[in-house]
Amino acid sequence: MPPADSIASSSIVQELLRTGEPSVRYRIRAHVLGESADELRSVRREIAESPRVRALLSERNEEGRIPRHAYEKWRGAHWVLAVLADLDYPPGDTSLVPLRDQVYERWLSPSHTREFVCESRNAFYRRRVEFGVPIMNGRARRCASQEGNALYATLKLGIADERADRLAENLLRWQWDDGGWNCDKNPNAAISSFNESLIPMRGLWLHAQATGSAASREAAERASELFLTRSLYKRKRTGEPIKDAFITLHYPAYGHYDALYGLKVMAECGFIDDPRCSDALDLLESKRLSDGGFPAEARHYRPSDPRDNGVSIVDWGGSSRRKSNPFITADALVVLKAAGRAV
(Lines give C-alpha, C1' and ligand atoms only; values in the text may rest on other atoms or scores of the structure.)
Protein backbone atom coordinates (compact mmCIF):
# COMPACT_ATOMS: atom_id res chain seq x y z
CA MET A 1 0.00 0.00 0.00
CA PRO A 2 1.44 3.41 -0.95
CA PRO A 3 2.11 5.86 1.90
CA ALA A 4 -0.67 8.21 2.98
CA ASP A 5 0.82 11.24 1.26
CA SER A 6 0.98 9.32 -2.02
CA ILE A 7 -2.67 8.29 -1.67
CA ALA A 8 -3.70 11.85 -0.86
CA SER A 9 -2.00 13.14 -3.98
CA SER A 10 -3.64 10.66 -6.36
CA SER A 11 -5.85 12.36 -8.93
CA ILE A 12 -9.03 10.45 -8.07
CA VAL A 13 -8.65 11.12 -4.33
CA GLN A 14 -8.07 14.80 -5.04
CA GLU A 15 -11.13 14.89 -7.27
CA LEU A 16 -13.31 13.35 -4.54
CA LEU A 17 -11.93 15.78 -1.97
CA ARG A 18 -13.12 18.63 -4.19
CA THR A 19 -16.63 17.28 -4.67
CA GLY A 20 -19.58 19.24 -3.34
CA GLU A 21 -20.98 16.10 -1.67
CA PRO A 22 -19.74 16.13 1.95
CA SER A 23 -20.55 12.47 2.61
CA VAL A 24 -18.11 11.48 -0.15
CA ARG A 25 -15.43 13.77 1.25
CA TYR A 26 -16.05 12.34 4.71
CA ARG A 27 -15.59 8.75 3.53
CA ILE A 28 -12.33 9.57 1.82
CA ARG A 29 -10.91 11.62 4.68
CA ALA A 30 -12.03 9.19 7.40
CA HIS A 31 -11.48 5.79 5.79
CA VAL A 32 -8.87 6.37 3.08
CA LEU A 33 -6.73 9.15 4.56
CA GLY A 34 -7.38 8.15 8.18
CA GLU A 35 -8.27 11.55 9.62
CA SER A 36 -9.62 11.69 13.16
CA ALA A 37 -13.19 12.32 14.28
CA ASP A 38 -12.15 15.71 15.68
CA GLU A 39 -10.77 16.74 12.31
CA LEU A 40 -14.01 15.71 10.60
CA ARG A 41 -16.64 17.33 12.82
CA SER A 42 -17.26 20.18 10.41
CA VAL A 43 -17.73 17.74 7.51
CA ARG A 44 -20.30 15.77 9.51
CA ARG A 45 -22.21 19.02 10.06
CA GLU A 46 -22.05 19.69 6.32
CA ILE A 47 -23.60 16.28 5.67
CA ALA A 48 -26.58 17.19 7.86
CA GLU A 49 -27.10 20.43 5.95
CA SER A 50 -26.39 19.08 2.47
CA PRO A 51 -29.00 19.40 -0.32
CA ARG A 52 -29.40 15.63 -0.60
CA VAL A 53 -30.08 15.21 3.10
CA ARG A 54 -32.48 18.16 3.15
CA ALA A 55 -34.36 16.57 0.25
CA LEU A 56 -34.51 13.18 1.97
CA LEU A 57 -36.04 14.79 5.07
CA SER A 58 -38.22 17.30 3.22
CA GLU A 59 -41.40 15.22 3.45
CA ARG A 60 -41.58 15.22 7.25
CA ASN A 61 -44.75 16.67 8.70
CA GLU A 62 -45.19 18.77 11.84
CA GLU A 63 -44.86 15.64 13.99
CA GLY A 64 -41.51 14.82 12.40
CA ARG A 65 -42.88 11.79 10.59
CA ILE A 66 -43.02 11.06 6.88
CA PRO A 67 -46.71 10.55 6.09
CA ARG A 68 -46.10 7.52 3.91
CA HIS A 69 -45.96 3.78 4.51
CA ALA A 70 -42.70 3.34 6.44
CA TYR A 71 -41.42 0.89 3.82
CA GLU A 72 -42.53 2.80 0.73
CA LYS A 73 -39.72 2.66 -1.81
CA TRP A 74 -37.60 4.74 -1.60
CA ARG A 75 -39.16 7.58 0.37
CA GLY A 76 -40.61 5.95 3.47
CA ALA A 77 -39.03 6.40 6.91
CA HIS A 78 -37.31 3.01 6.71
CA TRP A 79 -35.33 3.94 3.60
CA VAL A 80 -34.65 7.51 4.64
CA LEU A 81 -32.98 6.35 7.86
CA ALA A 82 -31.05 3.62 6.04
CA VAL A 83 -29.65 6.08 3.51
CA LEU A 84 -28.84 8.69 6.17
CA ALA A 85 -26.85 6.07 8.07
CA ASP A 86 -24.97 5.10 4.94
CA LEU A 87 -24.17 8.76 4.26
CA ASP A 88 -22.57 9.08 7.73
CA TYR A 89 -25.17 11.57 8.93
CA PRO A 90 -23.99 12.80 12.36
CA PRO A 91 -25.30 10.68 15.25
CA GLY A 92 -27.59 11.78 18.04
CA ASP A 93 -30.06 13.99 16.14
CA THR A 94 -33.25 13.69 18.18
CA SER A 95 -35.31 15.20 15.36
CA LEU A 96 -35.02 11.74 13.73
CA VAL A 97 -36.76 10.02 16.66
CA PRO A 98 -40.24 10.21 15.06
CA LEU A 99 -38.86 8.40 12.00
CA ARG A 100 -37.26 5.82 14.28
CA ASP A 101 -40.61 5.26 15.94
CA GLN A 102 -42.31 4.77 12.57
CA VAL A 103 -39.77 2.09 11.70
CA TYR A 104 -39.80 0.30 15.05
CA GLU A 105 -43.58 0.31 15.16
CA ARG A 106 -43.63 -1.32 11.75
CA TRP A 107 -41.16 -4.13 12.28
CA LEU A 108 -41.99 -4.88 15.91
CA SER A 109 -45.76 -4.98 15.51
CA PRO A 110 -47.45 -8.33 16.26
CA SER A 111 -48.55 -8.56 12.63
CA HIS A 112 -44.89 -8.76 11.60
CA THR A 113 -43.44 -10.83 14.44
CA ARG A 114 -46.18 -13.42 15.06
CA GLU A 115 -44.83 -16.87 14.23
CA PHE A 116 -46.99 -19.70 12.91
CA VAL A 117 -46.32 -23.11 11.43
CA CYS A 118 -47.19 -23.29 7.74
CA GLU A 119 -47.01 -26.31 5.44
CA SER A 120 -47.04 -24.78 1.98
CA ARG A 121 -46.87 -21.57 -0.05
CA ASN A 122 -50.60 -21.79 -0.75
CA ALA A 123 -51.34 -22.20 2.94
CA PHE A 124 -49.30 -19.07 3.65
CA TYR A 125 -51.11 -16.96 1.09
CA ARG A 126 -54.49 -18.13 2.38
CA ARG A 127 -53.43 -16.72 5.77
CA ARG A 128 -51.59 -13.73 4.36
CA VAL A 129 -54.00 -11.29 5.97
CA GLU A 130 -52.30 -12.20 9.24
CA PHE A 131 -48.78 -11.56 7.91
CA GLY A 132 -46.37 -12.70 10.58
CA VAL A 133 -43.49 -15.18 10.20
CA PRO A 134 -44.35 -18.58 8.77
CA ILE A 135 -42.23 -21.47 10.01
CA MET A 136 -41.76 -24.00 7.19
CA ASN A 137 -39.72 -27.16 7.69
CA GLY A 138 -38.37 -25.61 10.86
CA ARG A 139 -37.09 -22.44 9.14
CA ALA A 140 -38.50 -18.96 9.71
CA ARG A 141 -39.41 -17.26 6.42
CA ARG A 142 -38.75 -13.57 7.05
CA CYS A 143 -37.42 -10.68 4.94
CA ALA A 144 -34.79 -10.03 7.58
CA SER A 145 -33.20 -7.17 5.64
CA GLN A 146 -36.05 -5.10 7.07
CA GLU A 147 -35.11 -5.69 10.70
CA GLY A 148 -31.45 -5.56 9.72
CA ASN A 149 -31.73 -2.12 8.15
CA ALA A 150 -33.76 -0.81 11.08
CA LEU A 151 -31.20 -2.13 13.55
CA TYR A 152 -28.18 -0.84 11.65
CA ALA A 153 -29.60 2.58 10.83
CA THR A 154 -30.87 3.47 14.29
CA LEU A 155 -27.64 2.31 15.96
CA LYS A 156 -25.44 4.12 13.44
CA LEU A 157 -27.52 7.29 13.76
CA GLY A 158 -27.35 7.17 17.56
CA ILE A 159 -31.13 7.12 18.01
CA ALA A 160 -31.68 3.48 19.01
CA ASP A 161 -33.57 2.68 22.21
CA GLU A 162 -34.26 -0.59 24.02
CA ARG A 163 -36.36 -1.80 21.08
CA ALA A 164 -33.16 -2.30 19.09
CA ASP A 165 -32.44 -5.29 21.34
CA ARG A 166 -35.79 -6.77 20.34
CA LEU A 167 -34.90 -6.41 16.66
CA ALA A 168 -31.63 -8.22 17.32
CA GLU A 169 -33.37 -10.95 19.30
CA ASN A 170 -35.81 -11.55 16.45
CA LEU A 171 -32.97 -11.80 13.93
CA LEU A 172 -31.16 -14.30 16.15
CA ARG A 173 -34.28 -16.41 16.48
CA TRP A 174 -34.97 -16.45 12.73
CA GLN A 175 -31.40 -17.15 11.55
CA TRP A 176 -31.01 -20.26 9.41
CA ASP A 177 -28.47 -23.05 9.91
CA ASP A 178 -26.26 -21.77 7.07
CA GLY A 179 -25.94 -18.40 8.82
CA GLY A 180 -28.36 -16.33 6.78
CA TRP A 181 -32.04 -15.56 6.40
CA ASN A 182 -34.65 -16.04 3.71
CA CYS A 183 -38.30 -15.18 3.11
CA ASP A 184 -38.81 -17.80 0.38
CA LYS A 185 -42.23 -19.42 0.89
CA ASN A 186 -41.15 -22.63 -0.83
CA PRO A 187 -40.98 -25.11 2.05
CA ASN A 188 -38.06 -26.88 0.37
CA ALA A 189 -35.89 -23.76 0.21
CA ALA A 190 -32.86 -24.48 2.36
CA ILE A 191 -30.23 -21.90 1.31
CA SER A 192 -30.32 -18.35 2.63
CA SER A 193 -30.76 -15.29 0.43
CA PHE A 194 -27.85 -12.89 -0.13
CA ASN A 195 -30.33 -10.00 -0.34
CA GLU A 196 -31.90 -10.91 2.99
CA SER A 197 -28.69 -11.81 4.84
CA LEU A 198 -26.08 -9.09 4.28
CA ILE A 199 -27.97 -6.30 6.02
CA PRO A 200 -28.86 -8.35 9.13
CA MET A 201 -25.18 -9.29 9.35
CA ARG A 202 -24.27 -5.60 9.20
CA GLY A 203 -26.86 -4.69 11.83
CA LEU A 204 -25.94 -7.50 14.22
CA TRP A 205 -22.25 -6.68 13.99
CA LEU A 206 -22.94 -3.08 14.92
CA HIS A 207 -25.27 -4.25 17.71
CA ALA A 208 -22.44 -6.39 19.08
CA GLN A 209 -20.08 -3.42 18.94
CA ALA A 210 -22.60 -1.16 20.67
CA THR A 211 -23.79 -3.55 23.37
CA GLY A 212 -21.08 -6.17 23.73
CA SER A 213 -23.56 -8.89 22.76
CA ALA A 214 -21.65 -12.12 22.16
CA ALA A 215 -24.75 -13.65 20.56
CA SER A 216 -25.01 -10.86 17.98
CA ARG A 217 -21.30 -11.09 17.21
CA GLU A 218 -21.46 -14.85 16.75
CA ALA A 219 -24.52 -14.52 14.51
CA ALA A 220 -22.74 -11.96 12.31
CA GLU A 221 -19.70 -14.23 12.07
CA ARG A 222 -21.93 -17.15 11.05
CA ALA A 223 -23.62 -14.97 8.44
CA SER A 224 -20.25 -14.01 6.97
CA GLU A 225 -19.64 -17.65 6.06
CA LEU A 226 -22.68 -17.65 3.77
CA PHE A 227 -20.89 -15.07 1.61
CA LEU A 228 -17.27 -16.08 2.09
CA THR A 229 -17.84 -19.71 1.10
CA ARG A 230 -19.17 -18.35 -2.19
CA SER A 231 -16.42 -15.77 -2.74
CA LEU A 232 -19.12 -13.10 -2.19
CA TYR A 233 -20.80 -13.69 -5.56
CA LYS A 234 -20.20 -17.20 -6.95
CA ARG A 235 -22.13 -20.43 -7.08
CA LYS A 236 -20.42 -23.12 -5.05
CA ARG A 237 -20.68 -25.86 -7.68
CA THR A 238 -19.81 -23.97 -10.85
CA GLY A 239 -18.00 -20.81 -9.76
CA GLU A 240 -20.31 -18.79 -11.99
CA PRO A 241 -21.91 -15.57 -10.69
CA ILE A 242 -25.07 -16.33 -8.72
CA LYS A 243 -26.83 -13.42 -10.43
CA ASP A 244 -25.71 -10.79 -12.92
CA ALA A 245 -26.92 -8.16 -10.44
CA PHE A 246 -24.35 -9.41 -7.94
CA ILE A 247 -21.47 -8.38 -10.22
CA THR A 248 -23.02 -5.02 -11.13
CA LEU A 249 -22.27 -1.85 -9.17
CA HIS A 250 -25.21 0.17 -7.74
CA TYR A 251 -25.69 3.11 -5.37
CA PRO A 252 -27.68 3.21 -3.21
CA ALA A 253 -27.96 -0.55 -2.80
CA TYR A 254 -31.12 -0.16 -0.67
CA GLY A 255 -32.22 -3.74 0.12
CA HIS A 256 -30.30 -5.36 -2.73
CA TYR A 257 -26.97 -7.16 -2.86
CA ASP A 258 -23.94 -6.69 -5.05
CA ALA A 259 -20.28 -7.60 -4.63
CA LEU A 260 -19.18 -4.07 -3.70
CA TYR A 261 -21.85 -3.88 -1.00
CA GLY A 262 -20.68 -7.28 0.24
CA LEU A 263 -17.08 -6.10 0.35
CA LYS A 264 -18.12 -2.91 2.12
CA VAL A 265 -19.81 -4.88 4.90
CA MET A 266 -16.91 -7.34 5.12
CA ALA A 267 -14.60 -4.37 5.65
CA GLU A 268 -16.89 -2.89 8.34
CA CYS A 269 -17.05 -6.21 10.17
CA GLY A 270 -13.33 -6.95 9.97
CA PHE A 271 -13.44 -9.84 7.47
CA ILE A 272 -11.92 -8.10 4.45
CA ASP A 273 -8.55 -9.81 5.01
CA ASP A 274 -10.13 -13.23 4.57
CA PRO A 275 -8.56 -14.70 1.40
CA ARG A 276 -12.04 -15.67 0.19
CA CYS A 277 -12.65 -11.96 -0.50
CA SER A 278 -9.87 -11.94 -3.10
CA ASP A 279 -11.97 -12.84 -6.13
CA ALA A 280 -14.53 -10.13 -5.34
CA LEU A 281 -11.71 -7.62 -4.87
CA ASP A 282 -10.26 -8.64 -8.24
CA LEU A 283 -13.70 -8.21 -9.79
CA LEU A 284 -14.00 -4.74 -8.28
CA GLU A 285 -10.56 -3.70 -9.53
CA SER A 286 -11.46 -4.91 -13.02
CA LYS A 287 -14.22 -2.30 -13.15
CA ARG A 288 -11.92 0.66 -12.55
CA LEU A 289 -12.12 3.36 -15.22
CA SER A 290 -9.25 5.24 -16.83
CA ASP A 291 -9.69 8.23 -14.48
CA GLY A 292 -9.23 5.97 -11.45
CA GLY A 293 -12.90 6.00 -10.50
CA PHE A 294 -15.66 3.40 -10.58
CA PRO A 295 -19.05 3.53 -12.32
CA ALA A 296 -22.59 3.02 -11.10
CA GLU A 297 -23.40 0.39 -13.71
CA ALA A 298 -27.10 0.24 -12.89
CA ARG A 299 -29.54 1.72 -10.40
CA HIS A 300 -32.37 0.43 -8.23
CA TYR A 301 -34.29 3.73 -8.17
CA ARG A 302 -36.26 5.74 -10.68
CA PRO A 303 -35.81 9.50 -11.02
CA SER A 304 -39.53 9.77 -11.89
CA ASP A 305 -42.43 7.37 -12.21
CA PRO A 306 -46.14 8.06 -12.66
CA ARG A 307 -46.94 5.30 -10.18
CA ASP A 308 -44.83 7.04 -7.51
CA ASN A 309 -43.15 3.71 -6.76
CA GLY A 310 -39.43 3.24 -6.42
CA VAL A 311 -38.84 6.96 -6.92
CA SER A 312 -35.88 8.74 -5.39
CA ILE A 313 -36.29 12.44 -4.75
CA VAL A 314 -32.50 12.58 -4.56
CA ASP A 315 -30.07 12.45 -7.47
CA TRP A 316 -27.38 9.82 -6.89
CA GLY A 317 -25.45 10.53 -10.07
CA GLY A 318 -27.37 8.22 -12.38
CA SER A 319 -25.80 5.17 -13.97
CA SER A 320 -23.26 4.80 -16.74
CA ARG A 321 -20.62 2.15 -17.36
CA ARG A 322 -18.27 4.79 -18.77
CA LYS A 323 -18.52 7.52 -16.16
CA SER A 324 -17.28 7.50 -12.58
CA ASN A 325 -19.85 7.82 -9.83
CA PRO A 326 -18.55 9.57 -6.69
CA PHE A 327 -20.52 7.41 -4.23
CA ILE A 328 -19.44 4.14 -5.86
CA THR A 329 -15.88 5.39 -6.19
CA ALA A 330 -15.67 6.42 -2.54
CA ASP A 331 -16.98 3.05 -1.38
CA ALA A 332 -14.60 1.21 -3.71
CA LEU A 333 -11.56 3.16 -2.51
CA VAL A 334 -12.52 2.57 1.13
CA VAL A 335 -12.77 -1.17 0.47
CA LEU A 336 -9.48 -1.30 -1.44
CA LYS A 337 -7.69 0.65 1.28
CA ALA A 338 -9.07 -1.70 3.97
CA ALA A 339 -7.92 -4.69 1.93
CA GLY A 340 -4.43 -3.29 1.50
CA ARG A 341 -4.79 -2.85 -2.23
CA ALA A 342 -3.82 0.11 -4.38
CA VAL A 343 -6.07 3.14 -4.00
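A. Local environment of the side chain of Asn195. One can find Asn195 in helix α12 (residues 194-211). Within polar-contact distance, the side chain of Asn195 engages the backbone nitrogen of Tyr257 at 2.9 Å. The residues contacting Asn195, other than those within four sequence positions of it, are Ser145, Lys243, Phe246, Gly255, His256 and Tyr257.

B. Region of interest: the packing of aromatic side chains. Going through the model one piece at a time under the given rule, you end up with 14 aromatic pairs. Taken together, a centroid distance of 5.4 Å and an interplanar angle of 70 degrees make the contact between Trp205 and Phe271 edge-to-face. Within this pair, whereas Trp205 is found in helix α12, its partner Phe271 is found in the loop between α14 (259-269) and α15 (278-286), the two being separated by 66 residues in sequence. Classification of Trp205 by relative accessible area gives buried; the value is 10%. Judged by relative accessible area, Phe271 falls into the buried class, the value being 15%. An aromatic cluster is present here, built from Tyr71, Trp74, Trp79, Trp107 and Tyr254 joined pairwise through their rings. The ring of Tyr152 is capped by Arg202, whose NZ or CZ atom sits 4.0 Å from the centre of that ring.

C. Expanded view of the environment of Leu96. Along the polypeptide, Leu96 turns up in the loop between α6 (77-86) and α7 (97-107). Relative accessible area serves as the criterion here: at 0%, Leu96 is assigned to the buried category. Taking the C-alpha atoms as reference, Leu96 lies 30 Å from Glu218; in sequence the two are 122 residues apart. Residues within four places of Leu96 in sequence aside, it is in contact with Leu57, Arg60, Leu81, Leu84, Tyr89, Leu157 and Ile159.

D. Geometry of the packing of helix α3 (residues 22-32) against helix α4 (residues 41-49). One way to put it is that α3 packs onto α4 with a least axis distance of 8 Å and a crossing angle of 155 degrees. It follows that α3 is roughly antiparallel to α4 by the angle criterion. For α3 against α4, the interelement crossing comes out left-handed. Here Pro22, Ser23, Arg25, Tyr26 and Arg29 of α3 lie close against α4, whose contacting residues are Val43, Arg44, Glu46 and Ile47. Among the residues making up the contact of α3 with α4, the classes are represented as four nonpolar, one polar and four charged.

E. Highlighting the nonpolar core. Counting 101 residues, the largest nonpolar core has Leu84 and Trp316 as the members making the most contacts within it. If one sorts the elements of this core by residue count, helix α16 (residues 326-338) sits on top with eight residues. In contact with Leu84, other than residues within four places in its own chain, are Val53, Leu56, Leu57, Tyr89, Leu96 and Leu157.

F. Structural context of the environment of Leu333. Among the structural elements, Leu333 can be located in helix α16. The sequence separation of Leu333 and Ile28 amounts to 305 residues, and the corresponding C-alpha distance is 7.8 Å.

Parameters and conventions
- Residues numbered from 1 in each chain as written.
- Predicted model: local features only at pLDDT ≥ 70, side-chain atom pairs only at ≥ 80, totals over all residues.
- Heavy atoms only, no water.
- Helix = DSSP H or I, 4+ residues; strand = E, 2+ residues; numbered from the N terminus.
- Polar contact = N/O pair within 3.5 Å; in protein donor to acceptor, adjacent residues only side chain to side chain.
- Contact = heavy atoms within 4.5 Å.
- Phe/Tyr/Trp six-rings, centres within 6.5 Å; stacked < 30°, edge-to-face > 60°.
- Buried < 20%, exposed > 50% of the residue type's maximum accessible area, 1.4 Å probe, protein only.
- Lys NZ or Arg CZ within 6 Å of the ring centre and 35° of its normal.
- Axes fitted to C-alpha atoms, helices over the stretch in contact; angles between N-to-C directions.
- Parallel < 35°, antiparallel > 145°, perpendicular 65-115°, else oblique.
- Left-handed = near helix turned anticlockwise from the far one by under 90°.
- Nonpolar A, V, L, I, M, F, W, Y, C, P; charged D, E, K, R; others polar.
- Core = buried A, V, L, I, M, F, W, Y, C linked by side-chain atoms within 4.5 Å.

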